[in-house]
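Given next are the chains, with one letter for each unit.
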Amino acid sequence: MIDLRSDTVTKPSDEMRRVMASAEVGDDVLGHDPTVQRLEERTAEILGKDAALFVPSGTMANQVALKTHTAGGDEVIMEAQCHMFWYEAGAPAAISGVMCRLIEGDRGVFTGDDVRSAVRPADVHFPRTTLACVEDTHNRGGGTVWPIEQIADVAAAARGAGLKLHLDGARLWNAAVASGVSEAARARDFDSVTVCFSKGLGAPVGSAIAGDADFIAEAKRFRKMFGGGMRQAGIIAAGALYALENNRDRLAEDHANAKALAEGLAEIDGIEIDPAAVETNLVYFRVTAMPAAELVDGLAAEGVALLGGNGSLRAVTNLMVTRADIDHALRVAAKVLKG
Ligand code: TLP
């Protein structure tokens, strides 16, 4: 099967499994897992932050960060299509008791002025705006890479309004490779950054939160409260560390494959896509010739898996997908659409 459903579907390579199997471990809740510590130190170093904290998932990473930054009743500014709003099961409301104030971005990207106009004035009637969130790359925006000047613009607006700034960098690695601007430079203006090892980097499990030492100390308490304190977590941290050291640069290959897929899809009658909008490994497109679900089923019957809904489809390139797989998927798509 050619699995284009997500970059989360990747399985650990033999070498990654070997490294995991021989990882040195200890009880990480007691602070004794040397592999987790190495991963946290290396992650903090790459992101240019004081400290990092290993957590099981990107969702927990975002929600621990949100909880650490806010108090119940606060309002948090975020983009209308962001993952924290769409795909985290209502956690901002359920766990942190915050209100989400949504900004309509351009493919997920918004401006400093958008932030300024969403901030509530101090008034007894209003919630307090305390945090703004950015997603880079932006998933539902189409794998969009935030221009670095626009990050600076949003950061200046957030600072000016006394807000904290959080980055959902589940695919920050992709943004760094695609832009040539390092993760640390992209993360510099943020008070907290979350990253995932289990997406394009190909580790089986794991994400991290990075920030200053006090923030991470407080986040560690919330990680425990959420049930995310793990014992001999070095086994999975070793996979994450291997992914971090070996699989970042190769993301350029996934981006080239995504571009080739987008360009090929643009040639097929009944598909609508703008290949110029594909900047990283996420390829969103629409099908006009048949219901999207029918195309998804037709492709699945031919061994090509992707996700669809509401007329729109998403294909995600990843380290298990080769250029030959892309060419094959395109032939299959053309065949299914011809009927
Ligand atoms: N995204 C998944 C699905 O949940 C949609 C995917 O297949 O793309 N931030 C961003 C920007 C994400 O795309 C995701 C996962 C997360 C956070 C959450 O990570 P996990 O799945 O580890 O909780």
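Residues numbered from 1 in each chain as written. Predicted model: local features only at pLDDT ≥ 70, side-chain atom pairs only at ≥ 80, totals over all residues. Heavy atoms only, no water.

A. Geometry of the site of the ligand. In the vicinity of the ligand there are 15 residues, among which Ser 6, Gly 58, Thr 59, His 83 and Asp 168 approach most closely. Take His 83: an N or O atom from its side chain is 2.8 Å from an oxygen atom of the ligand. For the ligand, the accessible surface in isolation is 500 Å², of which the surrounding protein chains cover 82%. When residues of the shell around the ligand are assigned to their parent elements, the largest contribution, three residues, is made by helix α3 (residues 58-69). (Near = heavy atom within 4 Å. Polar contact = N/O pair within 3.5 Å; in protein donor to acceptor, adjacent residues only side chain to side chain. Areas by Shrake-Rupley, 256 points an atom, 1.4 Å probe, with all protein chains shown as cover. Helix = DSSP H or I, 4+ residues; strand = E, 2+ residues; numbered from the N terminus.)

B. Geometry of the pairing of strand β2 (residues 51-55). When you tally the buried positions in β2, you get five out of five residues, the bulk of the element. What you see with β2 is no split at all: Ala 51, Leu 53 and Val 55 on one side and Ala 52 and Phe 54 on the other are buried throughout. (Buried < 20%, exposed > 50% of the residue type's maximum accessible area, 1.4 Å probe, protein only.)

C. Quick look at the environment of Gly 308. Here Gly 308 is to be found in strand β12 (residues 307-309). Its relative accessible area of 49% is what places Gly 308 among the partly exposed residues. Along the chain, Gly 308 and Glu 267 lie 41 residues apart, while their C-alpha atoms are 20 Å from each other. When near neighbours in sequence (up to four residues on either side) are disregarded, Gly 308 contacts Val 296 and Leu 313. (Contact = heavy atoms within 4.5 Å.)

D. How the structure looks around the sheet that holds strand β10 (residues 282-287). Strand order in the open sheet made by the four strands is β9-β10-β13-β12, with antiparallel pairing throughout. Across the chains shown, the open sheet's two edge strands, defined by having one partner strand only, are β9 (271-272) and β12. Note: β12 against strand β13 (residues 312-316), three bridges, orientation antiparallel. Of the residues in β13, the one forming a bridge with Gly 308 is Leu 313. Lying over the sheet, helix α13 (residues 251-266) contacts β9, β10 and β13, oriented at roughly 15° with respect to β10. This element, helix α14 (residues 292-301), spans β10, β12 and β13 of the sheet and lies at about 35° to β13. (Pairing = 2+ DSSP bridges. Axes fitted to C-alpha atoms, helices over the stretch in contact; angles between N-to-C directions.)

E. Examining the nonpolar core more closely. Ranked by size, the top nonpolar core spans 51 residues in total, and within it Leu 39, Phe 54, Val 115, Trp 173, Val 193, Val 195 and Phe 197 carry the most contacts. The greatest single-element share of this core, amounting to eight residues, is contributed by helix α12 (residues 234-246). If sequence neighbours within four positions are ignored, Leu 39 has contacts with Phe 54, Phe 197, Ala 237, Ala 240, Leu 241 and Leu 244. The next biggest cluster of nonpolar side chains, apart from the first, holds 31 residues, and it includes Leu 4, Ala 260, Phe 285 and Met 290. (Core = buried A, V, L, I, M, F, W, Y, C linked by side-chain atoms within 4.5 Å.)

F. Molecular detail of α13. Over its 16 residues, α13 runs 23 Å from end to end, which matches the ideal 22 Å to within 8%, given 1.5 Å per residue. Every buried residue of α13 is listed here: Leu 251, Asp 254, His 255, Asn 257, Ala 258, Ala 260, Leu 261, Ala 262, Gly 264 and Leu 265. (Expected span 1.5 Å × (residues − 1).)

G. Summary view of a nonpolar patch on the surface. A grouping of Phe 85, Trp 86, Tyr 87 and Leu 102 is seen on the molecular surface, where their side chains present a nonpolar patch of about 380 Å² in accessible area. Structurally, Phe 85 is set in helix α4 (residues 83-86). (Patch = residues over 30% accessible without salt bridge, like charges linked within 9 Å, V, L, I, M, F, W, Y side chains within 5 Å. Salt bridge = Lys/Arg side-chain N within 4 Å of Asp/Glu carboxyl O.)

H. Highlighting the pairing of β10. In this structure, β9 lies alongside β10, joined through two bridges in antiparallel fashion. Within β10, the position partnered with Ile 271 by the bridge is Val 287. In terms of strand pairing, β10 meets β13 through five bridges, oriented antiparallel. Bridge pairing in β13 links Arg 286 to Ser 312.

I. Inspection of the pattern of salt bridges at higher detail. In this structure the tally under the stated criterion is 18 salt bridges. Taking the shortest distance from any N to any O, the salt bridge between Arg 42 and Glu 245 comes out at 2.7 Å. In this pair, Arg 42 sits in helix α2 (residues 34-47) while Glu 245 sits in helix α12, placing the two residues 203 residues apart along the sequence. By relative accessible area, Glu 245 is classed as partly exposed at 41%. Arg 101 is the partner of Glu 75 in a salt bridge, and the nearest nitrogen-oxygen pair spans 3.4 Å. You can see Glu 75 sitting in strand β3 (residues 75-79) and its partner Arg 101 sitting in strand β4 (residues 99-103), a full 26 residues away along the chain. Each of Arg 42, Glu 45 and Glu 245 takes part in one network of salt bridges that share partners.

J. Geometry of the packing of α2 against α12. Orientation of α2 relative to α12, taken along the N-to-C sense of each, is 30°, at an axis distance of 8 Å. Of the two possible hands of crossing, α2 and α12 adopt the one that is left-handed. Here Thr 35, Val 36, Arg 38, Leu 39, Arg 42, Thr 43 and Ile 46 of α2 lie close against α12, whose contacting residues are Gly 234, Ala 237, Ala 238, Ala 240, Leu 241, Leu 244 and Glu 245. Of the residues contributing to the contact of α2 with α12, the split by class is eight nonpolar, three polar and three charged. (Left-handed = near helix turned anticlockwise from the far one by under 90°. Nonpolar A, V, L, I, M, F, W, Y, C, P; charged D, E, K, R; others polar.)

K. A look at unusual backbone geometry. Here the bond from Asp 136 into Thr 137 is cis, since omega is 0°, no more than 30 degrees from zero. In the Ramachandran plot, Ala 89 falls in the positive-phi region, its phi being about 60° despite a non-glycine side chain. Tracing the chain through its elements places Ala 89 in the loop between α4 and α5 (91-96).

Any functional reading would require information beyond the geometric quantities listed.
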